[in-house]
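Structural features, examined
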Amino acid sequence: MLRKLLIGTALATSFAFSAHAADVKEVQMLHWWTSGGEAAALNVLKQDLAKEGYAWKDVPVAGGGGDAAMTALKAMVAAGNYPTASQMLGYTVLDYAAAGVMGDLTETAKKEGWDKSVPAALQKFSVYDGKWVAAPVNVHSVNWLWINKAVMDKIGGTEPKTFDDFVALLDMAKAAGVTPLALGGQNWQEATMFDSVVLSTGGPEFYKKAMNDLDEDSLKSDTMKKSFDNLAKLVTYVDPNFSGRDWNLATAMVIKGDALVQVMGDWAKGEFHAAKKTPGTDFLCYRFPGTDGSVIYNSDMFGMFNVPEDRKAAQVALATATLSKSFQSAFNVVKGSVPARTDVPDTDFDACGKKGMADLKKANEGGTLFGSLAQGYGAPPAVANAYKDVVSKFVHGQIKTSDEAVTELVKAIDDAK
């Protein structure tokens, strides 16, 4: 567990700064938002805090899945160099809280009414032992298709409603000489796409049992085998240079019309936004075929560390700004996600954003809001990492068959529990 990982510190020289030397009017933020769309979204928060007289100290660690950032954070915390806050995902917040290094935002949360406006699914990860330890920034959902409209029009394609429809659409793009599917060959991207494939193949109840409950019968079922077969089918539509590609470069392929579609979380929309593209005119957003009515989610959270007294005012200012209605709207409009509180109007959101907010509300009320296993909300990090590893090995041919993949998945998850 995390306590063990924090013993015997790694070198944090390149990220170190002294907690005690920090100016009280400075916010120190570790994050992995380094793409154009992400940086633009984060700038909204920087500007809000600047108005209140707080300087911003960026500690960016590139890598869309956040693994490199979490390695850096681990070293910093072990060395006692706590940032004001760090971008974090669900179970990682709870791990640090269990290790006793998180701050307490409960007084601010009560004052601001977070318990009434933040969905229970997010409070599960932002509240530990009755105390608010993190401020949810957004709700992302991962079961999306992002399509270049000009390419779609060129090939005469229509919205795919089933997995077979999707394959037929990819075949049309291939026949037209366009890369059908833009994918970055990194394990978190491959597993994020597989989340959607599993939901599409098995349906909501199966997804919950396999990916959230980790039910062994579901994990080793014929339905999971079929899911791997469907993933293998999709990989045949990827260009040969996909290995190691960053997610935003795959998004750029769709933006430029070099590829038809990307399966990615709605942070991809932030890249379209940054490129001045408009939904319905330049690009299309559809739910992954066979998943309409369900939402596979993750949420970026700002985990707040137990900083010295002279830095707590800056931390409270950061938390308050993060969950203000104005920021929740302005940030998520740019980021591509939807607000982490349910009382924010959709007035300023584009068509994809409005659909995302409506879908979230419907899924939340209907019991079809599911944590993404690939994105750290379906199961603890050790299990998620095991899952990503097996999926990636399958995509890259190190695991040859779907039968073998199912066997390896069951074993890897069992070992990681």
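Residues numbered from 1 in each chain as written. Predicted model: local features only at pLDDT ≥ 70, side-chain atom pairs only at ≥ 80, totals over all residues. Heavy atoms only, no water.

What counts here: UniProt positions are given in the numbering used here, feature names are shortened, and annotations may be inferred rather than shown by experiment.
The name that an unreviewed UniProt entry assigns to the protein chain is Probable sugar-binding periplasmic protein, with the source organism given as Mesorhizobium montanum. What UniProt records for the protein chain under Sequence similarities (unreviewed entry) is the sentence "Belongs to the bacterial solute-binding protein 1 family."

Here we look at the sheet that holds strand E1 (residues 26-31)
Here is the rule: When DSSP finds at least two bridges between two strands, those strands are taken to pair. Only DSSP runs of H or I reaching four residues or more are called helices, and only runs of E reaching two or more are called strands; each is numbered from the N terminus. Note on method: axes are straight lines fitted to C-alpha atoms, helices fitted across the in-contact stretch only, with angles between N-to-C directions ranging 0 to 180 degrees. Residues count as neighbours in contact if any of their non-hydrogen atoms are within 4.5 Å of one another.
Pairing is mixed in the open sheet, where five strands are placed in the order E2-E1-E3-E13-E6. Sheet topology places strand E2 (55-60) and strand E6 (134-136) at the edges, where each strand pairs with a single neighbour. Strand-to-strand twist of the sheet, defined as the mean angle between neighbouring strand axes without regard to direction, takes the value 25°. Two strands pair when backbone bridges link them, and E1 and E2 are joined in this way by six bridges, in the parallel orientation. Within the sheet, the bridge partner assigned to Leu-30 lies in E2 and is Val-59. This element, helix H3 (residues 67-78), spans E1 and strand E3 (85-88) of the sheet and lies at about 130° to E1.

So, helix H4 (residues 90-98)
Applicable threshold: Relative accessible area decides the class of each residue, using a 1.4 Å probe on protein chains only: under 20% of the type maximum gives buried, over 50% gives exposed, and in between gives partly exposed.
Of all the nine residues making up H4, seven are buried; the element is thus mostly covered by neighbouring parts of the structure. Among the residues of H4, Gly-90, Tyr-91, Thr-92, Val-93, Leu-94, Tyr-96 and Ala-97 are the ones counted as buried. With its phi angle positive at about 80°, Gly-100 sits one or two positions after the end of H4.

Concerning empty space enclosed by the protein
To keep things clear, this is the line we draw: Definitions used throughout: a 1 Å grid over protein atoms alone; a cavity as a set of points that fits a 1.4 Å probe which cannot get out; a pocket as an open set with protein on both sides within 12 Å along at least five of seven lines; a lining residue as one with an atom within 4 Å of a point. Grid points are joined across faces, edges and corners, and a volume is the space filled by probe spheres set on the points. Throughout this entry, Asp, Glu, Lys and Arg are counted as charged residues, while Ala, Val, Leu, Ile, Met, Phe, Trp, Tyr, Cys and Pro are counted as nonpolar. The remaining residues, Gly among them, count as polar.
The full count for this structure, using the stated rule, is three cavities of 30 Å³ or more. Reported here for the largest cavity is a volume of approximately 120 Å³. In this structure, the largest cavity is lined by 15 residues; those nearest its centre are Trp-32, Gly-64, Trp-267, Asp-300 and Gln-375. In the lining of the largest cavity, the residues fall into six nonpolar, six polar and three charged.

A closer look at the pattern of salt bridges
Threshold: Should a side-chain nitrogen of Lys or Arg be within 4 Å of a carboxyl oxygen of Asp or Glu, the pair is scored as a salt bridge.
Under the defined criterion, the tally for this structure stands at 21 salt bridges. Between Arg-245 and Asp-239 there is a salt bridge; the shortest N-O distance is 2.7 Å. With respect to class, Arg-245 is no different from Asp-239; both count as buried. A salt bridge links Asp-346 to Lys-354; its shortest N-O distance comes to 3.7 Å. Salt bridges sharing partners connect three or more residues here, namely Arg-287, Asp-292, Lys-355 and Asp-359.

Here's the deal with the state of the cysteines
Our working rule: A pair of cysteine sulfur atoms is labelled a disulfide when the two atoms are within 2.5 Å.
A full pass over the atoms with the stated rule returns one disulfide. In this model Cys-285 forms its disulfide with Cys-352; the gap between the sulfur atoms is 2.1 Å. The sign of the S-S torsion, about -105°, decides the handedness of the disulfide formed by Cys-285 and Cys-352: left-handed. With a gap of 67 residues between them, Cys-285 in strand E11 (residues 283-287) and Cys-352 in helix H17 (residues 351-366) connect regions that are remote in the sequence. When sorted by exposure, Cys-285 lands in the same class as Cys-352, which is buried.

Some words on the environment of Met-357
Along the chain, the position of Met-357 falls in helix H17. By relative accessible area, which is 16% here, Met-357 ends up buried. Ignoring sequence-local partners within four residues, the contact set of Met-357 consists of Val-338, Pro-339, Val-344, Pro-345, Asp-346 and Phe-349.

Focus on unusual backbone geometry
Although it is not a glycine, Asp-129 adopts a positive phi angle of roughly 55°. By the secondary structure assignment, Asp-129 is in the loop between strand E4 (127-128) and strand E5 (131-132). For Asp-129, a relative accessible area of 71% translates into the label exposed. Positive phi values are uncommon outside glycine, yet Leu-214 reaches one of about 55°. Residue Leu-214 is classed as buried on the basis of its relative accessible area of 11%.

Quick word on the sheet that holds strand E14 (residues 369-371)
Strand pairing in a sheet is mediated by backbone hydrogen bonds. Such pairs are either parallel or antiparallel. The three strands lie next to each other as E7-E12-E14, forming an open sheet whose pairing is mixed. Across the chains shown, the open sheet's two edge strands, defined by having one partner strand only, are strand E7 (140-141) and E14. Summarising the sheet, strand E12 (residues 295-298) and E14 pair through three bridges and their orientation is parallel. Residue pairing for E14: Ile-296 is matched across the bridge by Phe-370.

A short note on the nonpolar core
Inclusion rule: Residues belong to one nonpolar core when they are buried, are Ala, Val, Leu, Ile, Met, Phe, Trp, Tyr or Cys, and are joined through side-chain atoms within 4.5 Å.
With 78 residues, the main nonpolar core has Met-224 and Phe-228 as its most contacted residues. In contact with Met-224, other than residues within four places in its own chain, are Phe-194, Val-198, Phe-206, Ala-210, Met-211, Ser-218, Leu-219, Val-406 and Leu-409. Counting 68 residues, the second-largest nonpolar core is a separate cluster that includes Leu-30, Ala-69, Leu-318 and Phe-349.

Quick word on the packing of aromatic side chains
The test is simple: Here the aromatic set is Phe, Tyr and Trp, taking the six-membered ring for Trp, and pairing holds for ring centres within 6.5 Å; pairs whose planes are under 30 degrees apart are stacked, those over 60 apart are edge-to-face, and all others are tilted.
Under the definition given, this model contains 19 aromatic pairs. Measuring from centroid to centroid gives 6.0 Å for Trp-33 and Phe-302, while their planes differ by 65°, and the two rings are edge-to-face. Separated by 269 residues along the polypeptide, Trp-33 in the loop between E1 and helix H2 (36-51) and Phe-302 in strand E13 (residues 301-304) bring together distant segments of the chain. For Trp-33, a relative accessible area of 3% corresponds to the buried category. Each ring, one from Trp-146 and one from Phe-283, has its centre 6.3 Å from the other, and the planes form 45°; the classification is tilted. Linking Trp-146 in strand E8 (residues 144-148) with Phe-283 in strand E11, this pair joins segments that are 137 residues apart in sequence. Look at Trp-146 and you get buried, because its relative accessible area is 0%.

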